[in-house]
Every structure is written in C-alpha cells, then in structure tokens.
Amino acid sequence: MTEKLCNPDAMVIHDNIARVRERIENACARVGRDSKDVTLLAVTKTVSVERINLAIADGIREIGENRVQEFLSKQEALLPVTAHLIGHLQTNKAAQIAHRVAMVQSVDSLRVAQALNTAAVKHGVTLDILAQVNIGGEESKSGVEPDEAAEFCAALSEFSALKLRGMMTIPPISDTEYKKREYFSRMSQLFIDIRTKNVDNSSMDILSMGMSDDYEEAILEGSTMVRVGSAIFGRRNYQ
Ligand SMILES: *Cc1c(COP(=O)(O)O)cnc(C)c1O
C-alpha cells in the first residue's frame, strides 16, 4: 500500500477512477438508477501493462482493448481481469481472440460472427458478444444500421457457441448534453424494442455506450456499461 501511495502514476490513476465512479454515482442518482447496474469498463488501448495493472489493483475488474495483436501481447502480464474486445475485428483475427476474451463487443457482420463461432466451437467455449450498431449512420463508423439491427440480432442468436448479451454503440460526437442524449436515447429505445421482440434473446442485458466525454449522458439514457479510457489513463500516446 505504501509503495502504491509513493507512485505518482498510481495516485493519478486512483484519483481518476474515484472521480469517474463518483460521476457514475451522480448520473445514476439523477435518474433513480442503482449504480450497481452500470459496469465501468476501463479502455486500455495504448496503455502499458504496468499502468493497466495499477488500475486493476485499484479495483477495475473489466478492461477493453481495441486490437487483437496489442491485447495478446499484454494479456499474460496482466493481473486477473475480465477482458473485452471493443475494436473492429477482422474475420482472419477471430480465431486468435475467441477463446482469450470474455466478450467481443464489436460484432458488426455475420461473417465475423461465423468466424468467432467456428473458433469458439473449436476451443469448446461459449463467447459472449454484443451487436455493434451505428446509431448515427456515419460512414466512418462500424456497426450495422439501426433499421437492420433487429434482423442482425435475430441472426446472431442462431450461433451455437455465441451468446448475444446486448448491443454496443459509438454515437456521433455531439457538443451539447441535449444532442448527446438524443443519440443515446435512440439507441436505448432500439435496444428495448429488440429485447422485447426477441423472446429467445432474454439474455440481452447489456447496453454498452458512453466514453470519457459522454458517459454521464449515456447513463442518463440507460447505458449499463460505460467504456472509459482517457478519463482514467490520461491522453493516449499512439507512438
Ligand atoms: C477508445 C475507445 C473508448 C474509450 O475512449 P475515451 O474517449 O478515451 O474514453 C471506448 N470505446 C471504444 C470502442 C474505443 O475505441
């Protein structure tokens, strides 16, 4: 403990996590939600193993990585933690990741789902997945279009080794609370509609939305998992 207190990096990460947790609490309180129903996922792309481990030692239980190669290079040195893949996945990388993470949040095509399923079957595991939806319909973003989401989710629930747990989105960047909430609200409505329609998908319990700049707005609109990177680890250095 004393060693931790003397490490300035550990103190900054500790303070950042405490601040994020407090804001999650406050956002939940604003809309009468229990903060236990919101999971904080620490996004660790570009962050060193040493700094990720400081966060885990500080109570972070779930992390999200974007790239397969980067994650695999770090995984062995990490303290025990539940790992999610949150970045766009290429079909040819699916075999390397299906048995090494607890969840893939970025499933955006049936081809990727098929590849993950094949790999999961081969390794005798069941893999939790989220369907990624491009709620703003932006050219630059991955995910299925909102009006294709219901059909996509129905198709995903057919794979024997995949378990569809819900949906993930990255909305367009908005500058006001009102605009941010509008996209999250749309996504929330879509999530509820699809969950209600697909009785077979009764295990759909995760709505992953909200990042450092908008996780509070996402929580106000029903997010159950926020993916926070820079608000915990500081600005990313991509070199
Ligand atoms: C990088 C990333 C995040 C975290 O972004 P911050 O703004 O640093 O919190 C969340 N989700 C996805 C899919 C990401 O790629």
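First things first, this report covers the structure right here in the doc. As the structure is a computational prediction, the values presented were derived from the model and not from experiment.

**Some details on unusual backbone geometry**
Here the phi dihedral of T46 falls at roughly 70 degrees; this positive angle occurs in a residue that is not glycine. The residue T46 is located in the loop between strand 1 (39-43) and helix 3 (49-57) in this model. Exposure remark for T46: the relative accessible area of 28% places this residue in the partly exposed category.

**Focus: the site of the ligand**
Lining the immediate environment of the ligand, one finds V43, K45, N66, I86, I170, M211, S212, R227, V228, G229, S230 and R236. Separating an oxygen atom of the ligand from a side-chain N or O atom of K45 is a distance of 2.6 Å. In this structure, an oxygen atom belonging to the ligand sits 2.5 Å away from a side-chain N or O atom of S212. With the chains in place, 91% of the 390 Å² that the ligand exposes on its own is no longer accessible. The pocket occupied by the ligand, as judged from atoms lying within 2 Å of grid points, is the largest pocket. Along the lines of polarity and charge, the residues of the shell around the ligand split into five nonpolar, four polar and three charged.

**Here we look at a negative patch on the surface**
Together, E139, E145, D147, E148 and E151 make up a negatively charged patch on the protein surface. With respect to the helices and strands, the residue E139 is situated in the loop between strand 5 (127-133) and helix 7 (149-156).

Conventions and cut-offs
Residues numbered from 1 in each chain as written. Predicted model: local features only at pLDDT ≥ 70, side-chain atom pairs only at ≥ 80, totals over all residues. Heavy atoms only, no water. Helix = DSSP H or I, 4+ residues; strand = E, 2+ residues; numbered from the N terminus. Buried < 20%, exposed > 50% of the residue type's maximum accessible area, 1.4 Å probe, protein only. Near = heavy atom within 4 Å. Polar contact = N/O pair within 3.5 Å; in protein donor to acceptor, adjacent residues only side chain to side chain. Areas by Shrake-Rupley, 256 points an atom, 1.4 Å probe, with all protein chains shown as cover. 1 Å grid on protein atoms, 1.4 Å probe; cavity = no way out; pocket = protein on both sides within 12 Å on 5 of 7 lines; lining within 4 Å. Sits in = over half its atoms within 2 Å of the grid points. Nonpolar A, V, L, I, M, F, W, Y, C, P; charged D, E, K, R; others polar. Patch = residues over 30% accessible without salt bridge, like charges linked within 9 Å, V, L, I, M, F, W, Y side chains within 5 Å. Salt bridge = Lys/Arg side-chain N within 4 Å of Asp/Glu carboxyl O. Lys, Arg positive; Asp, Glu negative; His and termini not counted. Charge placed at Lys NZ, Arg CZ, Asp CG, Glu CD.

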